[in-house]
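# Structural characterization, general
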Amino acid sequence: MITTTPRASTLRLVLGDQLSDGLSGLDELDPAHDVVLMAEVRDEATYVRHHKQKIALTFAAMRGHAARLEGRGVAVRYVRIDAPDNSHSIVGELKRAIAAGRFDRVVVTECGEWRLAEALKAFADTADVPVEIREDRRFICSHERFRRWAADKRELRMEFFYREMRRESGLLMDGADPEGGRWNYDAENRKKLAKGVRPPERLRTTPSSTTRGAIADVERLFADHFGDLEGFGWPTTVDEAEAVLEDFLAHILPGFGDWQDAMAGGEPWMWHGLVSTSLHLGLLDPLDVCRRAEAVYAAGEAPLNAVEGFIRQILGWREFVRGVYWLKSPEYGRRNFLDADRTLPSFFWSGDTAMACVADAVETSRVNAYAHHIQRLMVTGNLAMMLGVHPDAVDDWYMTVYADAYEWVEMPNTRGMATFADGGIVGSKPYAASGAYINRMSDYCGGCRYDVKARSGDGACPFNRLYWGFLERNQDRLRGNIRLAMPYRTLEGFGEAKRAALLADSEAARLALGAVPPGQPESVEGS
Ligand code: FAD
Ligand code: DLZ
Ligand code: SF4
């Protein structure tokens, strides 16, 4: 479906995650003269080797969006992944389109990742026609607003940013006060799943013919990428995304708060929203999603702890991590505060591990291109941090395995929240936890080969074996952290000999699990 209009004057680039009607780059679009450029390119699919579902989702959503624009009379130069002359880079496709048409200018909406933003800036500096790069208005907090908020802060804390966003948006506000008298109901959102309680059935999206076409292309062209395509169930159009959101708001949101931190084996979705992919692609608008969740509370159909918790994730965390990413990049991506240098164990890819919690998190990542937040944070993230895996390898894994992975949201979560490689920009302390946490919040441990009650030795839960060694190994960097005062006091109380033994056992666990110094071959788990 490549079409160019000789009289066209403006070339408008729409990237794969810019599929919103209100995109700034489409302002004043003149269907009679302008051309929208959309290009499926290898560079975007392989700069990290994205999960097959992420590529299929992006291509399907792009194709659907292009068809919608064409339905409104807009000329779309759509370059498919298997088009013979495809240059396979966004800049290459911009150059080809300019060479093929007569454009007075190019309009681009700023993109979400540093590497592509730099490439687009370099293109703008050297192109034969003027290139205008416009702000992306699809976020609640602009770059300028975030910078203004951050300017006078010694520390950037999500909670205080979130309060500002609540005040400015009016979401869950009672005049000048937070609805219900408190800003944050997190303390009520830590319930373990009671015996016999299972999460509700979820509405997944049956692939349309467009989606099936994209799936077939990905199977053909990206067969060696991580992940399965069989379980594909992501919304690829606005209507599909709306249906999933409506189902969540009506049936799932009431339980979101109570079980926000809970995990259960074989239950990938729990009470989570499954909205990240749709938000990032532009199929849903974040402020609209928050307002609709608020309306469910106002109608008395979901409790405040659920609705506040959900809104905080989008209005607070999503906007905050984007702000941090752009404020601190590119230096942020080089941070390695804990000097972590170990390799990523191969079971992160294969799922071949006796650790029941980890095996389940890797399985859902492979089958669904999804794991919920607590699996990402307290299972795989916590494990990678305590093993001392190099942050580049951790970033690469998270960018590869999730359908919602974009560096602006992935990196502050991985390098910041989960592994403390940023030294405390996103979180005030490392989320290091022993197996006791996972045992409290899940049903994994009962069916695990490891003993969650044992502290050391081959049969002990690896999270337990790693925990004290992690604190001991990093004491020069972490001891001064006020929020770690208690565990460090406990560690001191153990005495020299026991501390040395725990450190040695933790090192044995690291090696046995396959987190080895660079260049060393991986040993077999449990050996
Ligand atoms: P819900 O739990 O229903 O939350 C609703 C929405 O809030 C999400 O869709 C998301 O847009 C937003 N949100 C929730 N938590 C966060 C957060 N910590 N940061 C930013 N936004 C948040 N999220 C991504 O979108 N892409 C990633 O690549 C990504 N990588 C992560 C890596 C690690 C190590 C961790 C700990 C978290 C990561 N997250 C990432 C955040 C979070 O886990 C996902 O947003 C969430 O699991 C998406 O599923 P959901 O839509 O069901 O979320
Ligand atoms: C994620 C993705 C993929 C897999 N493929 C494409 C593509 O072929 N063409 C495109 O325009 N966008 C793609 N994307 C989304 C981009 O990677 C995304 O726009 C940048 O990472 C900036 O957020
Ligand atoms: Fe995970 Fe340890 Fe529990 Fe096994 S015992 S499921 S490794 S926390």
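Given the structure is predicted, the values throughout are model-derived calculations rather than measurements.

On a plain count of helices and strands, the chain comes out with 21 helices and 7 strands. Whereas a compact globule of 527 residues would reach a radius of gyration of roughly 24 Å, the chain reaches 24 Å, a difference of no more than 12%. In the chain, which comprises 527 residues, the share counted as buried stands at 57%. A separation threshold of at least 6 residues defines the contact pool for the chain, and within that pool the share at least 24 residues apart is 76%. Just so you have it, the chain exposes about 20800 Å², and 51% of that area is on carbon and sulfur atoms. For the chain, the distance from the average site of its 65 positive side-chain charges to the average site of its 77 negative ones is 3 Å.

With respect to spatial proximity, the complete set of residues near ligand 3 consists of M355, A356, C357, G435, I438, Y444, C445, C448, Y450, V452, C461 and F463. Put simply, the parts of the chain that give the shell around ligand 3 at least two residues each are helix 13 (356-368) and helix 17 (435-441). Its residues placed into classes, the shell around ligand 3 shows 11 nonpolar, 1 polar and no charged.

Our next topic: the site of ligand 1. Taken together, the neighbourhood of ligand 1 is formed by 28 residues, with H272, G273, L274, H280 and Y370 sitting nearest. One of the backbone nitrogen or oxygen atoms of V275 is found 2.9 Å away from an oxygen atom of ligand 1. With the chains in place, 99% of the 820 Å² that ligand 1 exposes on its own is no longer accessible. Residue assignment for the shell around ligand 1 shows that the elements contributing at least two residues are helix 9 (276-281), helix 11 (304-328), helix 14 (373-387) and helix 16 (407-418). Split by residue class, the shell around ligand 1 holds 16 nonpolar, 8 polar and 4 charged.

This brings us to the nonpolar core. Grouped together as the largest cluster of nonpolar side chains are 171 residues, with contacts concentrated most on L253, F320 and F463. By residue number, the principal contributor to this core is helix 11, which donates 13 residues. Filtering out sequence-adjacent residues up to four positions away, F320 remains in contact with F146, W149, L156, R157, M158, F161, I425 and V426.

A few words now on the pattern of salt bridges. Under the counting rule described, the total for this entry stands at 51 salt bridges. Linking D186 and R312 is a salt bridge whose minimum nitrogen-to-oxygen distance equals 3.6 Å. Within this pair, whereas D186 is found in the loop between strand 7 (177-178) and helix 7 (209-221), its partner R312 is found in helix 11, the two being separated by 126 residues in sequence. The exposure class assigned to R312 is buried, which follows from its relative accessible area of 3%. Through salt bridges with shared partners, a single ionic network connects E40, R63, D82, D217 and R220.

The omega angle of the peptide bond from S329 to P330 is 5°, so this bond is cis rather than trans. Examined against the element boundaries, P330 turns out to sit in the loop between helix 11 and helix 12 (347-350). Notably, H88 is not glycine yet its phi reads approximately 65°, a positive angle. The phi dihedral of F420 is positive, around 60°, even though this residue is not glycine.

What characterises a pair of aromatic rings is the spacing of the ring centres plus the angle enclosed by the ring planes. For the coordinates displayed, the defined rule picks out 28 aromatic pairs. Ring geometry for W317 against F320: centres 5.9 Å apart, planes inclined by 80°, an arrangement best described as edge-to-face. With W317 and F320 both in helix 11, this residue pair falls 3 residues apart, about one helical turn. In this structure an aromatic cluster arises from ring pairing among F226, F347, F348, W349, W397, Y398 and Y402. Above the plane of the ring of W114 lies K121, whose end atom (NZ or CZ) is 5.6 Å from the centre. Sitting over the ring of W234, R204 keeps its end group 4.5 Å from the ring centre.

On the basis of which strands lie adjacent, the open sheet formed by 5 strands has the order 3-2-1-4-5 and parallel pairing. Taken across any chain shown, the strands that pair with only one partner, and hence form the sheet edges, are strand 3 (75-79) and strand 5 (131-134). Strand after strand, the sheet turns through a mean of 20° between neighbouring axes, direction not considered. Here strand 1 (residues 10-13) runs beside strand 4 (residues 105-109); their pairing, made up of 4 bridges, is parallel. Bridged to L13 within strand 4 is V108. Contacts from helix 4 (residues 114-126) reach strand 1, strand 4 and strand 5, with the element oriented near 150° to strand 5.

It is worth spelling out the environment of Y332 at this point. With respect to the helices, strands and loops of the structure, Y332 is situated in the loop between helix 11 and helix 12. Considered as a pair, Y332 and S442 are 110 residues apart in the sequence and their alpha carbons are 33 Å apart. Setting aside residues up to four positions removed in sequence, Y332 forms contacts with V324, M411, P412, R415, G416, D422, I425 and V426.

How each quantity is defined
Residues numbered from 1 in each chain as written. Chains lettered and ligands numbered in written order. Predicted model: local features only at pLDDT ≥ 70, side-chain atom pairs only at ≥ 80, totals over all residues. Heavy atoms only, no water. Helix = DSSP H or I, 4+ residues; strand = E, 2+ residues; numbered from the N terminus. Rg over C-alpha atoms; globule rule 2.2 N^0.38 Å. Buried < 20%, exposed > 50% of the residue type's maximum accessible area, 1.4 Å probe, protein only. Contact = heavy atoms within 4.5 Å. Areas by Shrake-Rupley, 256 points an atom, 1.4 Å probe, with all protein chains shown as cover. Lys, Arg positive; Asp, Glu negative; His and termini not counted. Charge placed at Lys NZ, Arg CZ, Asp CG, Glu CD. Near = heavy atom within 4 Å. Nonpolar A, V, L, I, M, F, W, Y, C, P; charged D, E, K, R; others polar. Polar contact = N/O pair within 3.5 Å; in protein donor to acceptor, adjacent residues only side chain to side chain. Core = buried A, V, L, I, M, F, W, Y, C linked by side-chain atoms within 4.5 Å. Salt bridge = Lys/Arg side-chain N within 4 Å of Asp/Glu carboxyl O. Phe/Tyr/Trp six-rings, centres within 6.5 Å; stacked < 30°, edge-to-face > 60°. Lys NZ or Arg CZ within 6 Å of the ring centre and 35° of its normal. Pairing = 2+ DSSP bridges. Axes fitted to C-alpha atoms, helices over the stretch in contact; angles between N-to-C directions.

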